[in-house]
Amino acid sequence: MMRWRLALLAAMAFTLPAAAQDRMPPAPYAYTQLDDPTKEQQARELMHTLRCLKCQSQSIADSDAPMAGDMRHQVRTRIAAGESPKEVRAWLVSRYGDYVSYEPQVSSTTWPLFVLPLVLLLLAGTILFRRLGARTREDSA
Amino acid sequence: MKRLRYSLWIIVGIAGLLFGLFAYQLSQPKDDFVQSAMVGQAIPEFDLPAVVESRPGLSSADLADGEPRLLNVFASWCIPCAAEAPQLDALERAGANIVAVAIRDRPEDVERFLEVYGNPFTRIGRDDISEVQLAIGSSGVPETFVIDGNGVITHQHIGDIREDDVPRLLEELRKAGS
Amino acid sequence: MIAEIGLAALWLAAALAVLQLLGGFLGAREGGSAISVLVRPAAVLQAGLCAVSFGALVYAFAVTDLSVKLVATHSHSMKPLAFKLSGAWANHEGSMLLWITVMALSGGLIALIERRLPDRMMMATLGAQACVAVGFYLFILLSSNPFERLSPVPADGNGLNPLLQDMGVSFHPPTLYIGYVGLSVAFSFAVGALLTRNVTPEFARVMRPWVLVSWIFLTIGIVAGSYWAYYELGWGGWWFWDPVENASLMPWLAATALLHSASVLAARDALRTWTIMLGVIAFSMSMLGTFLVRSGILTSVHAFAVDPERGSFILALLALYIGGALVLFALRANTIAEGERFSLLSREGALVVNNVGLSAILGIVLLGTLYPLLTEAFDVRVSVGPPYFNPVSAIFFLPMLLILAVGPLLRWRKDSFDRIKWPVIIAGVATLAALTAVAAFSEIGLLPLLGLAMAVGVAIASFMPLKGRNLLRTPLPVWGMCVAHFGIAVALFGVAADTAYQQERLVAASAGDVVEIGPWQATLTSISPVAGPNWTAMQGDLLVSYESGPQQDVHPQARSFWAPPGETSEVALLTRWNGQLYVALGNMAEDGRWQLRLWWKPFVTYIWYGGLLIALGGALSLLGRVVGDVRRRRTEVRDETRRAEEAELARA
């Protein structure tokens, strides 16, 4: 955090190994939008929630890594072919596990992520009720 | 007041557990590999054209003919792929049938790569958009998959193959064959 | 020679810190101690020595003294001077030296000027400050010596990561350090107050400027970091909920809560335990962030000073200070008498809701950031990102906006709804009107819709506290509060507008091609190579016009650096009052055309303007407090002299 961003940079530099870059053109839909604006919008929103596997800390929508480009191509072609964003996400998760998706699904390993905020909500409510409620009562007494 | 005190000790406890978790994770070797979730599943259908003239292309049907195989995901622009060439040779000499997928690679580059580092592959498919790589849950090059005679992925090796990985891969291949 | 002077100064400073530690804690006991007279001079001298040490390092970088290992590995003779200087802290060792220098300077400042607190408490505070400092001195001297020599001396250095060769990011780390170190001062005050059982409004008033300074700098740091990511990464994103970003957000959330609860303590002598607790937590979050980034324990933070040994060292410090403070807190908390009482509908009541909300968001960010680490211990890898953080934190954030609008209108202790009825109705009606209007004219998501509407309501409500006041005689801190709250509305507006209405165009273009995006029309005129001091680039020249207005030219670049090798995207930004056009140049496509990425981002700049307004509000408030303190002290001094004179007269 001191140099939080720097670290991100460093992580980015990871994606640019000087000697190990292919010389192939990007996949057709890596940098090309779909013609249908609704589908492109769906694809774009989905891509922002998928993790670039080569760069570790970025979504595939924010990365120049060739593999991120190939993943964008997959997402766009699948959406264009009529798959729903949910199906595309499920397809990738079935390949790479939950790691590839920034949107955690409720499961046996992720339930605390959803239960704890609820607990926090209850806790916050209780604290407020006890501290403020009690005081009002004493005040009026 | 008493309740307050208990809840404070709970906070101390949580902090302690966090420190414990950090210490444990620090002591673990950092593992950045993303495991494929396809291990144990049939390889998805695909059909890749040949990348060099001397070897035919690769399709999923080729992998379900009863013979277990190693599937090597590589690229000529990847340095660890060159580093693992001797180990692939050793595997081939030990009787392994190795097929390959060349990721985002130009034919002339693959040709040169095979000339310099040897060609242990029986088939090489050309994957210009990482299609097959994504389909089998591989997240980089090089990776090596063990595929049994029915086309089911039984093992994934991530990164370049070191010398001491060779017997392990042969063992995995033997298991896939039985 | 310079490097040796720097190292010697650092060792001396460390020795003085040990003296300050002993003197401080002994002096904090009942009855005090003789060596406690040395505590204040030790703190002041330490500040001087650290400044010398840091100066020596900056000098070594300025002259590119390659016999110093740190310079050789992070600098290069061909780098522009500004980046040579910033190179001094753009690495692990140098940044730790900067951290300890800022810490010593603030310690020296407290020792020099702070006379309001009881002596014992002051000693305990300076002792705690030294205790934290000693850990960091040891860390630098034993495991991250910035002055290490290198033999043989290399012909030239390795250079600085190209992405860091940017003015914005050069001043980003020092900004954040001041923020973190300010929180360490608040932490020391909290520990001092706990040790001497002295949690008073006076304590809160003394601590508050430090929290304010820290909070202002954290705000600026986060705003700058976000803007930097926006223009440097080349994809138009400004917040990613990346662990590294979260690491800077968490101390900010804690500091914001602390700021508000310290106000309650200072004004009303309530929320005593809670304020102390937040003081401890705020600094814990800074330390935790340092640990997460430096140890490489989280996946995002790879290549930066990743070193398990250093990680272990920081973890040990973390456990010692945070664990120690929490245990001390748990032991002492029930000896702090409960503060003044207040009713639900009062300024205090609103501030309690604010504090609970901020703490809940802090908890969620902490949970989401560390959760992947937890599951990794069980060999399961998950990712937690925007689709989790955005809605879950919004659950707490949106209700807090209501409180933010209403709270400042309330009186301390007890108030009635009748008194604030009209401002609330006005702001409420404005919010509903905005909600209806936006929903009627465009189809956008629920969160951006609520965001836009709430932004309007909060913007109006934020200046309501000025109603009925003489604007010239309104105290600066009140102005500060209004401006900061208005800043939140402005930033929220920017976030919601950009999320809802931004447009994206990705094209492969050759010279002469025309691209339409939103109200803009862009023509690519040419693509040609250009060269800079340590890079070469391909530069695109585009003519753009807004709604067929006059044409302007923009020049996005794709830069290649050679020492060390790397590529960056230098985006072209065209700012209007109502948004920004964002143009990035990508790679060459197969057929000789070039990848262009264009975004039209309506009102996106309001995010950072809002952030700066928040910081400005903090600055106004700080100015008001400091001026008030100085005035009060002057009157006290005058009163004392007068009393002394009167006594003398009486004797005569």
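Only a predicted model underlies this, so the values are computations on that prediction, with no experimental measurement involved. (Residues numbered from 1 in each chain as written. Chains lettered and ligands numbered in written order. Predicted model: local features only at pLDDT ≥ 70, side-chain atom pairs only at ≥ 80, totals over all residues. Heavy atoms only, no water.)

Enquirer: Which residues make up the overall build of chain C, and what values go with them?
Expert: Summing up its helical and strand segments, chain C has 18 helices and 10 strands in all. The C-alpha radius of gyration of chain C comes to 27 Å, within 12% of the 26 Å expected for a compact globule of 652 residues. For the C-alpha atoms alone, the extent of chain C along its principal axes is close to 95 × 75 × 60 Å. For chain C, the residues scored as buried account for 60% of the 652 residues in total. Look at the contacts in chain C between residues 6 or more apart in sequence, and 72% of them connect residues 24 or more apart. Surface summary for chain C: the accessible area is close to 24,800 Å², and the carbon and sulfur share equals 65%. If you average the places of the 43 positive and of the 42 negative side-chain charges in chain C, the two averages end up 13 Å apart. (Helix = DSSP H or I, 4+ residues; strand = E, 2+ residues; numbered from the N terminus. Rg over C-alpha atoms; globule rule 2.2 N^0.38 Å. Buried < 20%, exposed > 50% of the residue type's maximum accessible area, 1.4 Å probe, protein only. Contact = heavy atoms within 4.5 Å. Areas by Shrake-Rupley, 256 points an atom, 1.4 Å probe, with all protein chains shown as cover. Lys, Arg positive; Asp, Glu negative; His and termini not counted. Charge placed at Lys NZ, Arg CZ, Asp CG, Glu CD.)

Enquirer: I'd love a proper account of helix H10 (residues 243-268) of chain C, names of residues and values included.
Expert: Residue and element names in this part refer to chain C. End to end, H10 covers 37 Å across 26 residues, agreeing with the expected 38 Å (1.5 Å per residue, within 8%). A large share of H10 lies buried, amounting to 24 of its 26 residues. At the N-terminal boundary of H10, the capping side chain belongs to Asp 242, with an oxygen 2.7 Å from the backbone nitrogen of Val 244. Backbone geometry just downstream of H10 places Asp 269 in the positive-phi region, at approximately 55 degrees. (Expected span 1.5 Å × (residues − 1). Polar contact = N/O pair within 3.5 Å; in protein donor to acceptor, adjacent residues only side chain to side chain.)

Enquirer: Give a description of the pattern of salt bridges that names residues and reports values.
Expert: With the rule as written, the count across this model stands at 32 salt bridges over all chains. With a shortest N-O distance of 3.4 Å, C:Arg597 and A:Asp64 are connected by a salt bridge. Placement of C:Arg597 in strand E10 (residues 594-602) and of A:Asp64 in the loop between helix H2 (37-47) and helix H3 (66-80) is noted, with the two residues assigned to different chains. On the basis of relative accessible area, C:Arg597 is assigned to the buried category, the value being 1%. Look at A:Asp64 and you get partly exposed, because its relative accessible area is 37%. Close ionic contact of C:Arg116 with C:Asp629 constitutes a salt bridge, the shortest N to O distance being 3.0 Å. With C:Arg116 in the loop between helix H5 (92-113) and helix H6 (119-143) and C:Asp629 in helix H18 (residues 605-651), this residue pair connects regions lying 513 residues apart in the sequence. Taken together, the shared-partner salt bridges connect B:Arg106, B:Glu108, B:Asp109 and B:Arg112 into one network. (Salt bridge = Lys/Arg side-chain N within 4 Å of Asp/Glu carboxyl O.)

Enquirer: Provide a residue-level description of the packing of aromatic side chains, including the pertinent values.
Expert: Given two aromatic rings, their pairing is described by the distance between the two centres and the angle made by the two planes. Considering all chains together, one arrives at 32 aromatic pairs over all chains under this definition. Relative to C:Trp600, the ring of C:Tyr546 lies with its centre 5.9 Å away and its plane at 55 degrees, an arrangement referred to as tilted. One end of the pair, C:Tyr546, is in strand E4 (residues 535-546); the other, C:Trp600, is in strand E10, and 54 residues separate them in sequence. Like C:Trp600, C:Tyr546 is buried. Counting every residue linked through ring pairs, the aromatic cluster contains A:Tyr31, C:Tyr227, C:Tyr230, C:Tyr231, C:Trp235, C:Tyr582, C:Trp599 and C:Trp608. Its guanidinium or amino end placed over the ring of C:Trp412, C:Arg347 lies 5.1 Å from that ring's centre, counting from NZ or CZ. For the cation-ring pair, C:Arg576 lies above C:Tyr546, with the distance from its terminal atom to the ring centre recorded as 3.5 Å. (Phe/Tyr/Trp six-rings, centres within 6.5 Å; stacked < 30°, edge-to-face > 60°. Lys NZ or Arg CZ within 6 Å of the ring centre and 35° of its normal.)

Enquirer: Lay out the environment of A:Glu40 in plain terms, naming residues and giving numbers.
Expert: Mapping A:Glu40 onto the fold places it in helix H2. A C-alpha to C-alpha distance of 9.9 Å links A:Glu40 and A:Val75, two positions 35 residues apart in sequence. Not counting chain neighbours up to four residues away, the residues in contact with A:Glu40 comprise A:Gln33, A:Leu34, A:Arg76 and C:Glu504. In terms of polar contacts, A:Glu40 uses its side chain to reach the backbone amide nitrogen of A:Leu34, at 2.8 Å.

Enquirer: Pulling in residues and values, what's your account of the pairing of strand E5 (residues 551-554) of chain C?
Expert: On a regular strand, each side chain points to the face opposite its neighbour's, so the side chains alternate between the two faces of the sheet. Residues and elements named next belong to chain C. One ladder, built from 4 bridges, connects E4 with E5; its direction is antiparallel. Bridge pairing links Leu 543 to Asp 553 in E5. Here E4 hands over to E5 after 4 residues, with Glu 547 in that stretch at a positive phi of 45 degrees. (Pairing = 2+ DSSP bridges.)

Enquirer: Hey, could you go over the interface of chain B and chain A for me, with residue numbers and the actual values?
Expert: Listed as interface residues are 27 residues of chain B and, on the opposing side, 27 residues of chain A. Taken together, both faces of the contact between chain B and chain A bury some 2,100 Å²; the carbon and sulfur share is 58%. Contact with chain A buries area across many residues of chain B, yet B:Trp77, B:Arg104 and B:Leu134 alone supply 33% of it, more than any other trio. Here chain B and chain A share 1 salt bridge between them. On inspection of chain B and its partner chain A, the count reaches 5 residue pairs in polar contact (both at pLDDT 80 or more). The leading source of residues in the side of chain B that touches chain A is helix H5 (residues 131-135) of chain B, at 4 residues. Per-class residue counts for the side of chain B that touches chain A are 10 nonpolar, 8 polar and 9 charged. (Buried area = accessible area lost by both parts, 1.4 Å probe. Nonpolar A, V, L, I, M, F, W, Y, C, P; charged D, E, K, R; others polar.)

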